[in-house]
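Listed below are the residues making up each chain.
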Amino acid sequence: MAIPKILGISGSLREASFNTQLIKAAIASYGTADVEIADLNLPLYDGDLEAKGIPEMVTKLGAQIAAADVLIVASPEYNKGISGVLKNALD
Ligand SMILES: Cc1cc2nc3c(=O)[nH]c(=O)nc-3n(C[C@H](O)[C@H](O)[C@H](O)COP(=O)(O)O)c2cc1C
């Protein structure tokens, strides 16, 4: 069977993030896998920036999502919602 490509997407940028740790633990339960953790330290969404050309980091994230067999997403709760970091990435 082919090795699954798993992309972890954490809504926290914190080095010791519980959400990132949770994603890594979930990935570990898969056994052998081709693993990447997305970098969500992206520029804030800005239509003017988009009109000038989509930033390379954003294009990379889109390609990682398209190539993945499995996405594992976790986000801290910030003020009763998902984190701004994850919301910005989704935007
Ligand atoms: C700005 C801010 C808002 C938060 N809002 C909530 C909340 O609404 N509910 C909650 O249970 N925890 C809230 N928290 C606590 C975080 O969800 C908690 O610290 C979480 O562990 C952070 O995730 P991380 O460990 O992956 O960085 C908030 C923390 C911050 C900094």
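Residues numbered from 1 in each chain as written. Predicted model: local features only at pLDDT ≥ 70, side-chain atom pairs only at ≥ 80, totals over all residues.

Colleague: Help me out: how do you make sense of the sheet that holds strand β2 (residues 34-37) in this one?
Modeller: Within a sheet, neighbouring strands are paired by backbone hydrogen bonds and run either parallel or antiparallel to one another. The parallel open sheet is built from three strands, whose spatial order is β2-β1-β3. The strands lining the two open edges of the sheet, one partner per strand, are β2 and β3 (70-74). Strand-to-strand twist of the sheet, defined as the mean angle between neighbouring strand axes without regard to direction, takes the value 20°. Sheet topology places strand β1 (residues 5-10) next to β3; five bridges connect them, and they run parallel. Its bridge partner lying in β3, Ser10 is registered against Ala74. Where helix α1 (residues 18-28) meets the sheet, it contacts β1, β2 and β3, and its direction lies at approximately 165° from that of β1. (Pairing = 2+ DSSP bridges. Helix = DSSP H or I, 4+ residues; strand = E, 2+ residues; numbered from the N terminus. Axes fitted to C-alpha atoms, helices over the stretch in contact; angles between N-to-C directions. Contact = placed C-beta atoms within 7 Å.)

Colleague: Which parts of the structure should I look at to understand the site of the ligand?
Modeller: Within the structure, the ligand sits among Ser12, Arg14, Ser17, Phe18, Asn19, Pro76, Glu77, Tyr78, Asn79 and Lys80. The class makeup of the residues in the shell around the ligand is three nonpolar, four polar and three charged. (Near = placed C-beta within 6 Å. Nonpolar A, V, L, I, M, F, W, Y, C, P; charged D, E, K, R; others polar.)

Colleague: Looking at this model, I keep getting lost on the environment of Val73. Mind explaining?
Modeller: Of note, Val73 is situated in strand β3. Between the C-alpha atoms of Val73 and Ile23, which are 50 residues apart in sequence, the distance is 7.2 Å.

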